[in-house]
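Chain by chain, the residues run as shown.
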Amino acid sequence: MKRRTFLSGAASLMASSGLVAGTELARAENAIDRLLRSRDRGQWKDQFDAQQGEAAVHASKQPIFSAQTPQLVERAIDDYRQIVVNGGWPVVPANEKLELGKSSSNVPILRKRLIISGDLPRSAAGSPVFDSWVKAGVQRFQERHGLPADGIAGRYTYAAMNVSASIRLGQLETNLVRLRSMSGYL
């Protein structure tokens, strides 16, 4: 309600100064409301990468740079080094959109990919059906990578998912150097 109160106050101020007609402000409010209700709008959840069962994801409740960030990145580097030593993860074919209820030969590959990165428990391996377990795993992956967490494996999810483990490891190592150089500014 604060947003509407602010907009109403802004409307009064603008109308009194002759800057905006009432219909133009109404269109602006409608556009904002549509954006806020949009399914595709990303959200930052408090537990965006919290551990799930066997998942090897590092928990964080703070989506900001903190004194613990370098240590968390070091732990992630150790995990990714092990993933690279074990052969990385498979490339998930990006030839079809996968979503809840769909059955495909690509789903077991997607499951394996999500298990290796810790977004899906090992007990969820095998089935060719994109079930609620896979949807939740895809959503965790999407949230960790700053994508809208709709649980659908599509173009952007595949693009982020199919970056090799060795490249992700290199990104973490590069960012650790940057984080350490910034640690004096906390």
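Description of the structure in this document. (Residues numbered from 1 in each chain as written. Predicted model: local features only at pLDDT ≥ 70, side-chain atom pairs only at ≥ 80, totals over all residues. Heavy atoms only, no water.)

1. Overview of the packing of helix 3 (residues 69-85) against helix 7 (residues 165-182)
Here is step 1 of the chain: Contact geometry of helix 3 with helix 7 gives a least axis separation of 9 Å together with a crossing angle of 160 degrees. The angle between the axes of helix 3 and helix 7 places the two elements in the roughly antiparallel class. The handedness of the crossing between helix 3 and helix 7 comes out as left-handed. Across the interface between the two elements, Thr-69, Pro-70, Val-73, Glu-74, Ala-76, Ile-77, Tyr-80, Arg-81, Ile-83 and Val-84 from helix 3 touch Ala-165, Ser-166, Arg-168, Leu-169, Leu-172, Glu-173, Leu-176, Leu-179 and Arg-180 from helix 7. (Axes fitted to C-alpha atoms, helices over the stretch in contact; angles between N-to-C directions. Helix = DSSP H or I, 4+ residues; strand = E, 2+ residues; numbered from the N terminus. Parallel < 35°, antiparallel > 145°, perpendicular 65-115°, else oblique. Left-handed = near helix turned anticlockwise from the far one by under 90°. Contact = heavy atoms within 4.5 Å.)

2. As for the nonpolar core
Here is step 1 of the chain: Leu-98, Leu-110, Leu-114, Phe-130, Val-134, Val-138 and Met-161 are the most contacted members of the largest nonpolar core, which totals 17 residues.
Here is step 2 of the chain: Of all the secondary-structure elements, those providing two or more residues to this core are helix 4 (107-116), helix 5 (132-144) and helix 6 (155-161).
Here is step 3 of the chain: Not counting the four nearest positions on each side in its chain, Leu-98 is found in contact with Ser-104, Asn-106, Val-107, Leu-110, Phe-130, Ile-152, Ala-153 and Tyr-158.
Here is step 4 of the chain: Membership of the second largest hydrophobic core comes to eleven residues, among which are Ala-76, Trp-89, Leu-172 and Leu-179. (Core = buried A, V, L, I, M, F, W, Y, C linked by side-chain atoms within 4.5 Å. Buried < 20%, exposed > 50% of the residue type's maximum accessible area, 1.4 Å probe, protein only.)

3. Section: the packing of helix 4 against helix 5
Helices that pack against each other are described as a pair by the angle of their axes relative to one another and the distance between those axes.
Here is step 1 of the chain: Running from amino to carboxyl end, helix 4 crosses helix 5 at an angle of 50 degrees, the nearest separation of the two axes being 10 Å. The angle between helix 4 and helix 5 falls in the class oblique. The chirality of how helix 4 crosses helix 5 is left-handed. For the pair helix 4 and helix 5, the contacting residues are Val-107, Leu-110, Arg-111, Arg-113 and Leu-114 in the first and Val-134, Gly-137, Val-138 and Phe-141 in the second.
Here is step 2 of the chain: The residue makeup of the contact of helix 4 with helix 5, split by class, is six nonpolar, one polar and two charged. (Nonpolar A, V, L, I, M, F, W, Y, C, P; charged D, E, K, R; others polar.)

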